[in-house]
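Spelled out from the first residue to the last, the chains are:
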Amino acid sequence: MSDQIEFSSFYKLLNSIKEGKLDQISLLDEKINEFKNGNNTKSFLDELGSLYLSIGITELYNFTNTKNLQEIGLIDKEGWETLSSSNQQELPVYLANKMIEYVKENKKVKEMSKKWNVREGEIRKHITKMARYITEGIIDVIE
């Protein structure tokens, strides 16, 4: 894979909403749908990362019981501890597990393997690493 995968524009969009640019929310929703469907991806890694971003944001909303990124950005240490307790795991573990579960339950490895003409084993090698990478990016933005 010579093409680098890079989601900084998505993270910038998330951050701008967190910082108060609420007019960007519809663009975020559009991006999440685009990512979930694997539209406009350039490789299996790009598709996997995009899918994980859509799952990660959706599950962030579920974990925090809010879709308000400004509110999420204001959660303090005690608030995160309370959320971790009620969700029975910390946010990074929760997000990564949800991403990996989704890929397994929806047979995405087989689907991507056919779509990109890549061996399933090659895709499986990246499932956990990509989940961690995307989770770290989301966490960085909301902190």
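Use the structure listed above.
The structure contained in this document is the topic of the report that follows. (Residues numbered from 1 in each chain as written. Predicted model: local features only at pLDDT ≥ 70, side-chain atom pairs only at ≥ 80, totals over all residues. Heavy atoms only, no water.)

Considerations on the environment of Ile 57
Heads up, the condition is: Helix numbers and strand numbers start at the N terminus; a helix is a DSSP run of H or I with at least 4 residues, a strand a run of E with at least 2. Note on exposure labels: buried denotes an accessible area under 20% of the residue type's maximum, exposed denotes more than 50%, and partly exposed covers the range between, all computed with a 1.4 Å probe on protein chains only. Residue contacts are counted whenever heavy atoms from the two residues lie within 4.5 Å of one another.
Note on placement: Ile 57 falls in helix 3 (residues 44-64). We classify Ile 57 as buried; its relative accessible area is 0%. Between the alpha carbons of Ile 57 and Tyr 133 there is a distance of 14 Å; along the sequence they are 76 residues apart. Residues contacting Ile 57, with those up to four places away along its chain left out, are Phe 10, Leu 14, Ile 32 and Ile 138.

Side note on the side chain of Glu 59
This is how it is decided: Positive charge is attributed to Lys and Arg, negative charge to Asp and Glu, and no charge count is given to His or to the chain ends. We define a salt bridge as a contact between a side-chain nitrogen of Lys or Arg and a carboxyl oxygen of Asp or Glu at a distance within 4 Å.
Examined against the element boundaries, Glu 59 turns out to sit in helix 3. Look at Glu 59: it is buried, it has no salt bridge, and the nearest opposite charge is Lys 98 at 4.5 Å. Discounting chain neighbours no more than four positions away, the residues touching Glu 59 are Tyr 94, Leu 95 and Lys 98.

As for the packing of helix 3 against helix 6 (residues 91-105)
As a reminder, the rule being used: Axis definition: a line fitted to C-alpha atoms, limited for helices to the stretch in contact. Angles are taken between N-to-C directions and run from 0 to 180 degrees. Should an angle lie under 35 degrees it is considered roughly parallel, over 145 roughly antiparallel, and from 65 to 115 roughly perpendicular; all remaining angles are considered oblique. It is the rotation of the near helix from the far one that decides the hand of a crossing: anticlockwise by less than a right angle makes it left-handed, clockwise makes it right-handed. The classification used treats Ala, Val, Leu, Ile, Met, Phe, Trp, Tyr, Cys and Pro as nonpolar, Asp, Glu, Lys and Arg as charged, and all other residues, Gly among them, as polar.
Packing of helix 3 against helix 6 brings their axes to within 9 Å, and their N-to-C directions diverge by 130 degrees. Between helix 3 and helix 6, the crossing angle belongs to the class labelled oblique. Note that helix 3 runs across helix 6; the crossing there is right-handed. Contact residues: helix 3 offers Leu 48, Leu 51, Tyr 52, Ile 55, Gly 56, Glu 59, Leu 60, Asn 62 and Phe 63, while helix 6 offers Leu 91, Tyr 94, Leu 95, Lys 98, Met 99, Ile 100, Tyr 102 and Val 103. Here the residues of the contact of helix 3 with helix 6 sort into 13 nonpolar, two polar and two charged.

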